[in-house]
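# Tertiary structure, described
Here's the letter readout for the chains.
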Amino acid sequence: MIDESGFPLKDHYARSADGCRKPSAQEDAQADRSPVRSLLQPLPPPMTEQDIEEALIQKLSDLKYTYRTDIRDRAALEHNFRLHFEALNQVHLTDAEFHRLLDSIVTPDVYAASRMLRERNSFERDDGTPLYYTLVNIKDWCKNTFEVINQLRINTDYSHHRYDVILLLNGVPVVQIELKTLAISPRRAIQQIVEYKNDPGNGYAKTLLCFLQIFLVSNRSDTWYFANNNSRHFAFNADERFLPLYQFAREDNSKITHLDDFADAFLAKCTLGEMISRYMVLVASEQKLLMMRPYQIYAVKAIVDCIHQHRGNGYIWHTTGSGKTLTSFKAATLLKDNPDIDKCLFVVDRKDLDRQTREEFNKFQEGCVEENTHTGTLVRRLLSEDYADKVIVTTIQKLGLALDGTHRRNYKEQLEPLRQSRIVFIFDECHRSQFGENHKAIKEFFPNAQLFGFTGTPIFEQNANYQQIEGEQASYRTTQDIFQQLLHAYTITHAIEDLNVLRFHVDYYKPEGKQPPKPGEPLAKRAIVEAILAKHDAATAGRKFNALLATASINDAIEYHALFETIQAEKQTENPDFRPLNIACVFSPPAEGNQDVLQIQEDLPQEKADNAQDPDRKKAALQAIITAYNRRYGSNHSIGEFDLYYQDVQKRIKDQQYLNTDLPHDQKIDITIVVDMLLTGFDSQYLNTLYVDKNLKYHGLIQAFSRTNRILNDTKPYGNILDFRQQQEAVDAAISLFSGQSGEQAKRIWLVDKAPVVIERLQGAMEQLGTFLQSQGLPSAPEAIPQLQGDVARCQFIKLFKDVQRFKTQLDQYTDLTPEDRTVIEQVVPTETLQGFRGVYLDTAQRLKEQRDQGGCKASPEVQQLDFEFVLFASAVIDYDYIMTLISRYTNPTPGKQKMNREELVGLILSDAKFLEDREEITAYINSLEAGKGLDERAIREGFERFKARKQKQQIVDMAQAHGSYARKWCTGALQLA
């Protein structure tokens, strides 16, 4: 059985970190591992939580952990740490020194504590001499002391928590294991840990628990883990994705979920030391801890082993969106410390990827990689013996120039001393540029080099003859021809199943008429623009997300940009309420000898070919497009500095981040028209839709589709593809080639269900809700919810209606709903009914959340385990500005201007999670206004601010009257401040 998040449901219960008792854990389904169980043999009694805890401790003891029954409180924990610290650093501290040491190392800053755990630190002793120390043995993590403790109780200023199991490394707490329920969702289990961490004065901030690196949650059958972090990377709200959860896996990507198996694979002493020291990354720029996923670890190990054993070249097949930059960064940093390697070069295809990759590397580790401004700088760094120059990020084009014997600067001759050096080349996206002369030149000049490639879409024999230029082909060799052997594979099928990337919804657009175009045949551009304008709000969840329009040529892109401007102007003339989309367009200019542009175009075959024809006209068109962009966004870009314009476009796509209070919608981009650019190597969580008016095949198709499927949260259920060229056969062929599965099976994994299937699920969810309400003696209507009796019933409503809203959110973004589909959806859950249920859901959820926050352990188990998922109830269309506009129109004396009446306006506010804090004030304000009074938007805003101020003062007065003379004095001062 699967829960709404896609995680397995279990009916187990366990204890929370504060020691609150919940129903005991049920029998572990895998407890009896014998192949045959006699039917006459009675079932063993259910395992209690204590049984699970004792079984885990026994397992850890088998793994040679020392079980410390004497460490149950803070004093014992600190005393044990002191003994290990003094032994490791060969020092004896006075009591005063030890307490000063504790004061200096205990910090609420998780990132600072994590650095301290991995570094050599200093401390001034009582006599003024420095003591240089480490908290653990950082040279050989296997040689630390590994201990396990349980039921540790820590009482700090305001917090009284008990922790199930903690693992100590040299006396330092590094892993917390909580045996708790996953019955609702793993996210709720994490939320509880987040809540405990947010308690004022909690043990995570005030004690040695600040050094915790990993949290582990298990009910014995299912085991999940995640990294500790500071609060801004360790929080849940309606704007952010939930924390990344991990399940460990074998090298073939099969999951290891049972706690015993997980302990063998992950918690073995040296393995755990390696996980913390090698495979966690401290992201300096964001002050954040990252854990490498299992497939990333196996890839790094495979590269390192291949180098150590001199086994030639190899490639890593890791799907787009799987974090190849982090994997390659870790491989490069491990090779940096390998004395047998002279240089490690990470090679990318284009200047923008060079910059992007360098920034990513330096994000992981400040100053890790310097900029190579031109080929001469690359050559200087290659010849340098400075440790800082051991890892270099460069483009294949600069490397090709450095090895070009005909170059006037004689770079190749300068590099002659390196000919026999042992150099490792790691190629990002080992596609086009590596299949030519540059690759051959590298192999000939550096005979001792080893070459490794990363790709999400390998070149096989089937796709070896495809190049993404309309009407042209080029012959490639396969990835295996170049890189010899596959070292590790993690396909998009694995990534979708792991919830690391999203599935796809593909709408093969069929225009009305008796003669639809054949597959690959273009439609009239005006019809496509009209279709996009009609479908865009649905596809992008009311413009919460943005889109790319992939066109077949630069001329097509220019024509589309002009068409959008013309057609949207026409629509605004016809309907003043029409909200135009913000359209950008980006394609490379004619190179005209510009090396930067030539570099960019190396991986843009269609644009390079197009710019060879009538370059002046294309240059003038691009300049006009940039001028329009400057006018819209107040920028000052020019074609002479095209790269800055290109960077700005990318930033706006990535900065779509909702809410509009962070970045007004008029500063965002709704659709970016492209030819080749942005269809490979570009990632944004806020890009969810690709409009396709170009022929795509194989790796080009998968790369383009994969721009849309980065995970955000439940408001982004899939990547949306609207194909205007009827390319279903090409899609099926690409899925079959790159999935590692048979065609039909792969399509079931890659593609979302058709609309009728989801409509059926929506209907089932509404029926379940109706059946439940009927069991409570109530009608299936929003007004019945306040009559529910007891927390159990209210919690059941929360769970059931979340399913309804989730299916409705999915259907709202389908671009291929037929009129019949829409009619059925409206019959299943009428818009007014849905809005009513959303309103009472938010009201009920807010009350239950307040009860849980205030009651803590006293709140019922059902309330404690709820995950409200407010993100599902926050509309992208409806924000504060939009509401103020609607209120203004409500007061307008012209009936035609009134979009809705008072009740509809109030219902809209009550059904949106963004207004949870202000819903009462806004509703009361609307009720105080008169329809037809004719207030403009500015007057409405100012009136609302005055209304809130008056209400606040009245609340202070009421408080004074209710609480006597002392309160009146306090309130008088508060009124003066107000």
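For the structure, check the block above.
Below or above, wherever it landed, is the structure these notes cover. (Residues numbered from 1 in each chain as written. Predicted model: local features only at pLDDT ≥ 70, side-chain atom pairs only at ≥ 80, totals over all residues. Heavy atoms only, no water.)

### Notes on the overall build of the protein chain
Regarding its fold elements, the protein chain presents 35 helices and 22 strands. A total of 978 residues make up the protein chain; the buried ones form 57% of that total. Pairs at least 24 apart in sequence give 73% of the contacts found in the protein chain among residues at least 6 apart. (Helix = DSSP H or I, 4+ residues; strand = E, 2+ residues; numbered from the N terminus. Buried < 20%, exposed > 50% of the residue type's maximum accessible area, 1.4 Å probe, protein only. Contact = heavy atoms within 4.5 Å.)

### Re unusual backbone geometry
Here Gln-287, not a glycine, exhibits a phi torsion of approximately 50°, which is positive. Residue Gln-287 is classed as partly exposed on the basis of its relative accessible area of 33%. Phi angles above zero are rare outside glycine, and Leu-678 is one such case at about 70°. According to the relative accessible area criterion, Leu-678 is buried, its value standing at 0%.

### Digging into the packing of aromatic side chains
Each aromatic ring pair is specified by the distance between its two centres and by the angle formed by the two planes. Within this structure, the stated rule accounts for 34 aromatic pairs. Ring centres 6.4 Å apart and planes at 15° place the aromatic pair Phe-425 and Phe-427 in the stacked group. (Phe/Tyr/Trp six-rings, centres within 6.5 Å; stacked < 30°, edge-to-face > 60°.)

### Digging into the nonpolar core
Core analysis: the biggest nonpolar cluster contains 109 residues, and Phe-81, Ile-105, Leu-135, Leu-167, Phe-211, Phe-266 and Leu-267 have the highest contact counts within it. For this core, the leading source of residues is helix H9 (residues 294-308), giving eight residues. Residue contacts for Phe-211: discarding those within four places in its chain leaves Ile-105, Ala-113, Met-116, Leu-117, Leu-135, Val-172, Pro-173 and Val-174. Ranked by size, the runner-up nonpolar core spans 105 residues in total, among them Ala-495, Ala-531, Phe-682 and Leu-722. (Core = buried A, V, L, I, M, F, W, Y, C linked by side-chain atoms within 4.5 Å.)

### Thoughts on the state of the cysteines
Inspection of the entire model under this criterion finds one disulfide. One disulfide in the model links Cys-142 with Cys-270; its S-S distance is 2.1 Å. Of this pair, Cys-142 sits in the loop between strand E3 (130-133) and strand E4 (146-155) while Cys-270 sits in helix H8 (residues 269-277), and the two are 128 residues apart along the sequence. (Disulfide = S-S within 2.5 Å.)

### Some remarks on helix H28 (residues 791-812)
Every α-helical turn comprises 3.6 residues, leaving residues that sit three or four positions apart pointing alike. Look at H28: 31 Å from first C-alpha to last across 22 residues, which is about the 32 Å you get at 1.5 Å a residue. Most of H28 sits out of view: 16 of its 22 residues are buried. (Expected span 1.5 Å × (residues − 1).)

### Observations regarding helix H12 (residues 375-383)
Taken together, the buried positions of H12 are Thr-375, Thr-377, Leu-378, Val-379, Arg-381 and Leu-382. Turning to H12, the residues buried within the fold contact strand E12 (343-348), strand E13 (391-395), helix H13 (396-402) and helix H14 (411-414).

### Describing the environment of Gly-640
Considering the arrangement of structural elements, one finds Gly-640 in the loop between helix H22 (615-633) and helix H23 (642-654). Overall, the relative accessible area of 62% leaves Gly-640 in the exposed class.

### Let's talk about the packing of helix H2 (residues 74-89) against helix H3 (residues 95-105)
Axis separation between H2 and H3 bottoms out at 12 Å; the angle between their running directions is 100°. Looking at the two axes, H2 sits roughly perpendicular to H3. Here Glu-78, Phe-81, Arg-82 and Phe-85 of H2 lie close against H3, whose contacting residues are Asp-95, Phe-98, Leu-101, Leu-102 and Ile-105. Class assignment of the residues belonging to the contact of H2 with H3 gives a composition of six nonpolar, no polar and three charged. (Axes fitted to C-alpha atoms, helices over the stretch in contact; angles between N-to-C directions. Parallel < 35°, antiparallel > 145°, perpendicular 65-115°, else oblique. Nonpolar A, V, L, I, M, F, W, Y, C, P; charged D, E, K, R; others polar.)

### With respect to the pattern of salt bridges
Counted under the stated rule, the structure contains 35 salt bridges. The partner of Glu-147 in a salt bridge is Arg-68, and the shortest N-O contact between them spans 2.7 Å. Of the two residues, Glu-147 sits in strand E4 while Arg-68 sits in the loop between strand E1 (66-67) and H2, which places them 79 residues apart along the sequence. Each member of the pair Glu-147 and Arg-68 is classed as buried. Residues participating in the shared-partner salt-bridge network are Arg-68, Asp-70 and Glu-147. (Salt bridge = Lys/Arg side-chain N within 4 Å of Asp/Glu carboxyl O.)

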